[in-house]
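Descriptive structure summary
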Amino acid sequence: MVSLEQLPHPDYLPYPNHYTAAFFENADEAMKAIEELEDYGYTDEDFNVFEGDKGIDAVDLEGSHHTLLENYMRKFIKFSDSAEWRFLNEADQEIRNGHVLICVPTPSDSEKEEVIDAFKRYGGYDIRYFTPLYIEEVV
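Residues numbered from 1 in each chain as written. Predicted model: local features only at pLDDT ≥ 70, side-chain atom pairs only at ≥ 80, totals over all residues. Heavy atoms only, no water.

**Remarks on the sheet that holds strand β1 (residues 19–24)**
Put simply, the rule is: Here, any two strands with at least 2 DSSP bridges between them count as paired. Strands are runs of DSSP state E lasting at least two residues, helices are runs of H or I lasting at least four, and both sets are numbered from the N terminus onward. Here an angle of 0 to 180 degrees is reported between the N-to-C directions of two axes, which are lines fitted to C-alpha atoms, with helices fitted over the stretch in contact. Any pair of residues with heavy atoms lying within 4.5 Å of one another is described as a contacting pair.
Taken together, five strands build an open sheet; the order of strands is β2-β3-β1-β4-β5 and the sheet is antiparallel. Either end of the sheet is taken by a strand with one partner, and the two such strands are β2 (48–50) and β5 (135–137). Shown here is a sheet whose adjacent strand axes are inclined to one another by a mean of 20 degrees, direction ignored. Here three bridges tie β2 to strand β3 (residues 100–105), and the two strands are oriented antiparallel to one another. Paired with V49 across the bridge in β3 is I102. Sheet strands in contact with helix α4 (residues 83–96) are β1, β2, β3, β4 (125–130) and β5, and its direction is about 140 degrees off that of β4. On top of the sheet, helix α5 (residues 109–121) reaches β1, β3, β4 and β5; it is set at about 5 degrees to β1, its chief contact.

What follows is the structure in structure tokens.
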């Protein structure tokens, strides 16, 4: 069994296009959802985990820890007060509170529903699906 620490922890959280994302109160809940999804055929590389100090640095609300382009994008997103900015703001706060953000690629509707169901079953909350044009908040 793989641990949460062994899964990909990206250095930067870009717009997660065609991904489904959820917050979990703790690593145990997140791992249960991940294990179920791996039973469905997802691999370790399919999961992007944002937690702890590394997660806060990846969200990087001000863009100060990344390239000039990434810094500019964060400032533009902040200025536009878009749904993406509200998501990034929430992600920063949730991770600072010790929670975990998991993002999984879901290019098809069936994969999206599969991931949403697993996330909900194990306590995932504020679940969102990202498209090129909008962010769908899943109830």
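We are not done yet, so read on.
**Focus: the nonpolar core**
Rule in force here: Throughout this description, the term nonpolar core refers to a set of buried Ala, Val, Leu, Ile, Met, Phe, Trp, Tyr and Cys residues connected via side-chain atoms within 4.5 Å. Exposure classes here rest on a 1.4 Å probe applied to the protein chains alone. A residue is buried below 20% of its type maximum, exposed above 50%, and partly exposed in between.
One finds L4, F47, I102 and F119 to be the most contacted residues of the largest nonpolar core, which totals 21 residues. If you list the elements that add at least two residues to this core, you get β1, α1 (27–39), β3 and α5. Counting residues in each nonpolar core, the second largest holds 18 residues, with F50, W85, L88 and F130 among its members.

**Structural notes on the side chain of H9**
Quick note on the threshold: In protein, a polar contact requires one atom able to donate a hydrogen and another able to accept it; more generally it is a pair of N or O atoms within 3.5 Å, and residues adjacent in sequence count only if both atoms are side-chain atoms.
Tracing the backbone through its elements, the reader meets H9 in the segment before β1. A polar contact of 2.9 Å, which involves the side chain of H9, links it to the side chain of E51. Residues within four places of H9 in sequence aside, it is in contact with L4, V49, E51 and K54.

**Some words on the pattern of salt bridges**
Between side chains of opposite charge, a pair can form as their charged atoms come close. So the rule is basically this: A pairing counts as a salt bridge when a side-chain nitrogen of Lys or Arg comes within 4 Å of a carboxyl oxygen of Asp or Glu.
A full pass over the atoms with the stated rule returns five salt bridges. Ionic pairing is found between K54 and D11, a salt bridge with its closest N-O pair at 3.8 Å. Linking K54 in helix α2 (residues 52–59) with D11 in the segment before β1, this pair joins segments that are 43 residues apart in sequence. Take D11: its relative accessible area is 56%, and that puts it in the exposed class.

**Topic: the packing of α1 against α5**
Rules: A clockwise turn of the near helix away from the far one marks a right-handed crossing, whereas an anticlockwise turn of less than a right angle marks a left-handed crossing. Gly is put with the polar residues, along with every residue not named as nonpolar or charged; the nonpolar set is Ala, Val, Leu, Ile, Met, Phe, Trp, Tyr, Cys and Pro, and the charged set is Asp, Glu, Lys and Arg.
The interhelical angle for the contact between α1 and α5, taken along N-to-C directions, is 145 degrees, at an axis separation of 8 Å. When the axes of α1 and α5 are compared, the crossing they make is right-handed. Note on element contacts: α5 touches α1 through E114, V115, A118, F119 and R121, opposite A33, E36 and L37. Taken together, the residues of the contact of α1 with α5 break down into five nonpolar, no polar and three charged.

**Some points on the packing of aromatic side chains**
Two descriptors summarise a pair of aromatic rings, namely the distance from one centre to the other and the angle between the planes of the rings. We count it as follows: Pairing of aromatic rings covers Phe, Tyr and Trp, the last counted by its six-membered ring, and requires centre-to-centre distances within 6.5 Å; plane angles under 30 degrees mean stacked, over 60 mean edge-to-face, and any other angle means tilted. Note on geometry: a ring has a charge over it if NZ (lysine) or CZ (arginine) is within 6 Å of the ring centre and within 35 degrees of the ring normal.
Using the criterion set out here, one finds six aromatic pairs in the structure. Judged by centre distance (6.1 Å) and plane angle (35 degrees), the ring pair of F23 and Y125 falls under tilted. On the criterion of sequence distance, the pair formed by F23 in strand β1 and Y125 in strand β4 is long-range, its members being 102 residues apart. The exposure class assigned to F23 is buried, which follows from its relative accessible area of 0%. Here the aromatic cluster, defined as three or more aromatic residues joined through ring pairs, consists of Y15, F23, F87, Y125 and F130. Stacked on the ring of Y129, the Lys or Arg K112 has its end atom at 4.7 Å from the ring centre.

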